[in-house]
Amino acid sequence: MKNQSSARAGYDTFLWYREAAERGNPYAQFNLGLVYKKGQDVARDEVRAFYWMSKAAQQGLAFAQNHLGVMYFNGRGVAHNDKEAVRWFRAAALQGEVSAQQNLGQMYKKGRGVARNDETALSWFYRASEQGVASAQTLLGEAYVHGHGVRRNYPLALAWFRKAALQNDASAQLNLGLMYKHGHGVARNDGQALAWFRQAAAQGCAVAQRLVGVAYAEGQGVAADQLRAYAWLLRAAEQEDADAQFNLGIMLANGKGVDRDDELAFTWYRRAAESGHVLAQYNLGGMYARGRGVARDEQRALEWYRLAAEQGAPNAQFNVGVMYANGHGVAKDEARAVAWYRCAAEQGDASAQNNLGVMYANGLGVARDEELAVSWYGKAAEQGHALAQFNLGGMYGSGRGVARDDEKSCMWLTLAAEASDLAAASNRKKSDLALTPQAIEAANEQARRWRATHATQVRPA
């Protein structure tokens, strides 16, 4: 009976709104529009909602004007029209309607229905912020952080984020945590960062949940706890946070804090990869290439490596080059291998630089050019790449692409041999037989000087 009574009362209210709206009462028109928009006590009808909302807006009712702008923006009850949305947001904003002020600022920020203008966006966010709107205060803080429409100012950003965070705005809490995490406008404090991340995470903010997980995983502001890290990352991952999905894949693939589970790692890598996460795409390619968590499939491995490579990942570009060079998962194509090696080599990838040197030295997929081979070997060798050091030593020893220099040859072979390159060790012994004791000592001294200036750059072959 109570439900029937409530339904009857609701319908009576609807009838009252309709009668008053038809007599021209703007408040009744607005409320009637809301009833149709929400489907309260009457069938939902967005076209009728738009009709009555526009009637109220045309009579100057600010909150109706803002609602009308939203309907134009979303294409609800009327065709989508950003310019009309801006027109109605502006009409309401000029009357001091705070939601419209924020909405108008967003239109200027995004360049929707109006030329993009960060300064004008900032001015509208400021008006709404001064009236205490937390979401506008967060947007104002973000403008100060990134220097959009105003000179970058971390202390002011911090102040606005704090105002909004204390109103329980999750985005502000997240941003405030990031300020503490990176020491922007405030002394770096992992404990404070985590405290704000927790508050945002408790409201369901996926990014904050992921950052809480990372804090537990790495012991930032709290004792490391891999199980809690996994639990928080899982919450974020289930909300399709790609970074959290990738991190879960890492934990499961390495058995870090949880039992190793290649199949589940593969699943999380794939979900992140399908959303465009470049490192997940690379790792997913590796899972297919090695048959971890999925049947080995070189063709699928190449597909995922190539997606990461096309996003500019040098390690993926190198792997694509290797697969074309060897015909793994694709027809052998040395010219394409060279192209991919070059992409990675130009980004400083030492393995790609070495392989590009090999291609030039042997005329594979490119015209033979021993001087370029020496150049690329040299770039990789200087990064401590043992195989490149061996190759460069060979070029100096034979005078290919560079003037013959037995001391430099011996130096590079020595460095390569120290990285357990057996061929380099063997060649070093042979070169010793052809050198004087003074030349050997000079080569060893060059190797010592190189090690002193490249202490952190030793790489395996």
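Refer to the structure above for everything that follows.
A quick note: this is a predicted structure, and the numbers were derived from the prediction, not measured. (Residues numbered from 1 in each chain as written. Predicted model: local features only at pLDDT ≥ 70, side-chain atom pairs only at ≥ 80, totals over all residues. Heavy atoms only, no water.)

A.B. asks: In this structure, what is going on with the overall build of the chain? I would like to understand it.
C.D. replies: Along its length, the chain carries 25 helices and zero strands. A compact globule built from 461 residues would reach a C-alpha radius of gyration of about 23 Å, whereas the chain, at 32 Å, exceeds it by more than 25%. By residue count, 44% of the 461 residues in the chain fall in the buried class. Taking the intrachain contacts of the chain between residues at least 6 apart in sequence as the baseline, contacts between residues at least 24 apart amount to 46%. (Helix = DSSP H or I, 4+ residues; strand = E, 2+ residues; numbered from the N terminus. Rg over C-alpha atoms; globule rule 2.2 N^0.38 Å. Buried < 20%, exposed > 50% of the residue type's maximum accessible area, 1.4 Å probe, protein only. Contact = heavy atoms within 4.5 Å.)

A.B. asks: Quick question: what am I supposed to make of the pattern of salt bridges here?
C.D. replies: Close approach of charged atoms allows side chains of opposite charge to pair. Here the structure, examined in full by the defined rule, presents 24 salt bridges. Where Arg87 meets Glu84, a salt bridge forms, and the shortest distance between an N and an O atom there is 3.1 Å. Here Glu84 and Arg87 lie together in helix α5 (residues 82–93), a separation of three residues that amounts to about one turn. The exposure class of Arg87 is partly exposed, given its relative accessible area of 45%. Each member of the salt-bridge network shares a partner with another, and the members are Arg44, Glu46 and Arg76. (Salt bridge = Lys/Arg side-chain N within 4 Å of Asp/Glu carboxyl O.)

A.B. asks: Any chance you could explain the packing of helix α11 (residues 190–202) against helix α12 (residues 206–218) here in plain terms?
C.D. replies: Taken N-terminus to C-terminus, the directions of α11 and α12 make an angle of 140°; their axes are 8 Å apart at the nearest point. Put simply, α11 runs oblique to α12. The interaxial crossing formed by α11 with α12 has left-handed handedness. Contacts between α11 and α12 involve Leu194, Phe197, Arg198, Ala200 and Ala201 from the first element and Ala208, Gln209, Leu211, Val212, Ala215 and Tyr216 from the second. (Axes fitted to C-alpha atoms, helices over the stretch in contact; angles between N-to-C directions. Parallel < 35°, antiparallel > 145°, perpendicular 65-115°, else oblique. Left-handed = near helix turned anticlockwise from the far one by under 90°.)

A.B. asks: Honestly, the side chain of Gln281 in this entry has me stumped. Any pointers?
C.D. replies: Relative to the helices and strands, Gln281 is located in helix α16 (residues 278–290). A polar atom in the side chain of Gln281 sits 3.4 Å from the backbone nitrogen of Ala308. Excluding residues within four positions of it along the chain, Gln281 makes contact with Ala273, Gly276, Trp304, Tyr305, Leu307, Ala308 and Gln311. (Polar contact = N/O pair within 3.5 Å; in protein donor to acceptor, adjacent residues only side chain to side chain.)

A.B. asks: Just to check I follow, could you spell out the side chain of Arg292 for this structure?
C.D. replies: Position of Arg292 relative to the elements: it lies in the loop between α16 and α17 (298–310). Polar side-chain contacts of Arg292 include one of 2.7 Å to the side chain of Asp262. Not counting residues within four places of it along the chain, the set of residues in contact with Arg292 comprises Ala253, Arg260, Asp262 and Met287.

A.B. asks: Honestly, the packing of aromatic side chains in this entry has me stumped. Any pointers?
C.D. replies: Given two aromatic rings, their pairing is described by the distance between the two centres and the angle made by the two planes. The full count for this structure, using the stated rule, is twelve aromatic pairs. Seen from their ring centres, Trp16 and Tyr17 are 5.8 Å apart, and the 70° between their planes marks the pair as edge-to-face. With relative accessibility at 49%, the residue Trp16 sits in the partly exposed group. Ring centres of Tyr282 and Tyr305 lie 5.5 Å apart, and the angle between their planes is 45°; this geometry places the pair in the tilted category. A residue pair is termed long-range when its members are at least 10 positions apart, and Tyr282 in helix α16 and Tyr305 in helix α17 qualify at 23 residues. Given a relative accessible area of 6%, Tyr305 falls into the buried group. (Phe/Tyr/Trp six-rings, centres within 6.5 Å; stacked < 30°, edge-to-face > 60°.)

A.B. asks: Looking at this structure, how should I read helix α2 (residues 26–38)?
C.D. replies: Structural remark: α-helix, 3.6 residues per turn; residues separated by three or four positions point the same way. In this model, α2 (13 residues) spans 18 Å end to end at C-alpha, consistent with the 18 Å of a helix rising 1.5 Å per residue. Among the residues of α2, those classed as buried are Pro26, Ala28, Gln29, Phe30, Leu32, Gly33, Leu34, Val35 and Tyr36. Capping of α2 at its N-terminal end is provided by Asn25; its side-chain oxygen lies 2.9 Å from the backbone amide nitrogen of Tyr27. Phi turns positive, to about 70°, at Gly39, one or two residues after α2. (Expected span 1.5 Å × (residues − 1).)

A.B. asks: Quick question: what am I supposed to make of helix α13 (residues 226–238) here?
C.D. replies: Between the first and last C-alpha of α13 there are 18 Å, a value that for 13 residues agrees with the 18 Å anticipated at 1.5 Å per step. Here the buried face of α13 lies against α11, α12, α14 (242–254) and α15 (262–274). Just downstream of α13 lies Glu240, where phi reads positive at about 70°.

A.B. asks: What am I meant to see in the packing of α17 against helix α18 (residues 314–326) here?
C.D. replies: The geometry of a pair of packed helices is captured by two quantities: the angle between their axes and the separation between those axes. Running from N to C, α17 and α18 point in directions that differ by 140°, and their axes come no closer than 8 Å. As judged from the angle between their axes, α17 and α18 are oblique. You can see that α17 and α18 cross each other, and the crossing is left-handed. Contacts between α17 and α18 involve Glu298, Ala301, Leu302, Tyr305, Arg306, Ala308 and Ala309 from the first element and Ala316, Gln317, Asn319, Val320, Met323 and Tyr324 from the second. A breakdown of the residues in the contact of α17 with α18 according to their chemical character gives nine nonpolar, two polar and two charged. (Nonpolar A, V, L, I, M, F, W, Y, C, P; charged D, E, K, R; others polar.)

A.B. asks: What is the right way to read empty space enclosed by the protein from this model?
C.D. replies: Unoccupied space between atoms shows up once a probe the size of one water molecule is rolled over them. One pass over the structure, following the stated rule, counts one cavity of 30 Å³ or more. Approximately 40 Å³ is the volume attributed to the largest cavity. Surrounding the largest cavity, Lys181, Asp190, Ala193, Leu194, Phe197, Ala215 and Gln220 form its lining. Of all the elements, α11 adds the most residues to the lining of the largest cavity, at four residues. (1 Å grid on protein atoms, 1.4 Å probe; cavity = no way out; pocket = protein on both sides within 12 Å on 5 of 7 lines; lining within 4 Å. Points joined across faces, edges and corners; volume = space filled by probe spheres on them.)

A.B. asks: Even after reading the chapter, I still don't get the environment of Phe73, so can you show me in this structure?
C.D. replies: Locating Phe73 in the fold gives a position in helix α4 (residues 62–74). Sequence separation of Phe73 and Lys181 is 108 residues, and the distance between their C-alpha atoms is 36 Å. Contacts of Phe73, omitting those with residues within four sequence positions, involve His80, Asp82, Ala85, Met107 and Arg112.

A.B. asks: So what exactly am I meant to see when it comes to unusual backbone geometry here?
C.D. replies: Glycine aside, a negative phi is what most residues show, and trans is what most peptide bonds show. Even without a glycine there, the phi angle at Asn168 is positive, about 75°. Turning to its location among the elements, Asn168 is positioned in the loop between α9 (154–165) and α10 (170–182). Backbone geometry places Glu240, a non-glycine residue, at a positive phi of 70°. Structurally, Glu240 is set in the loop between α13 and α14.

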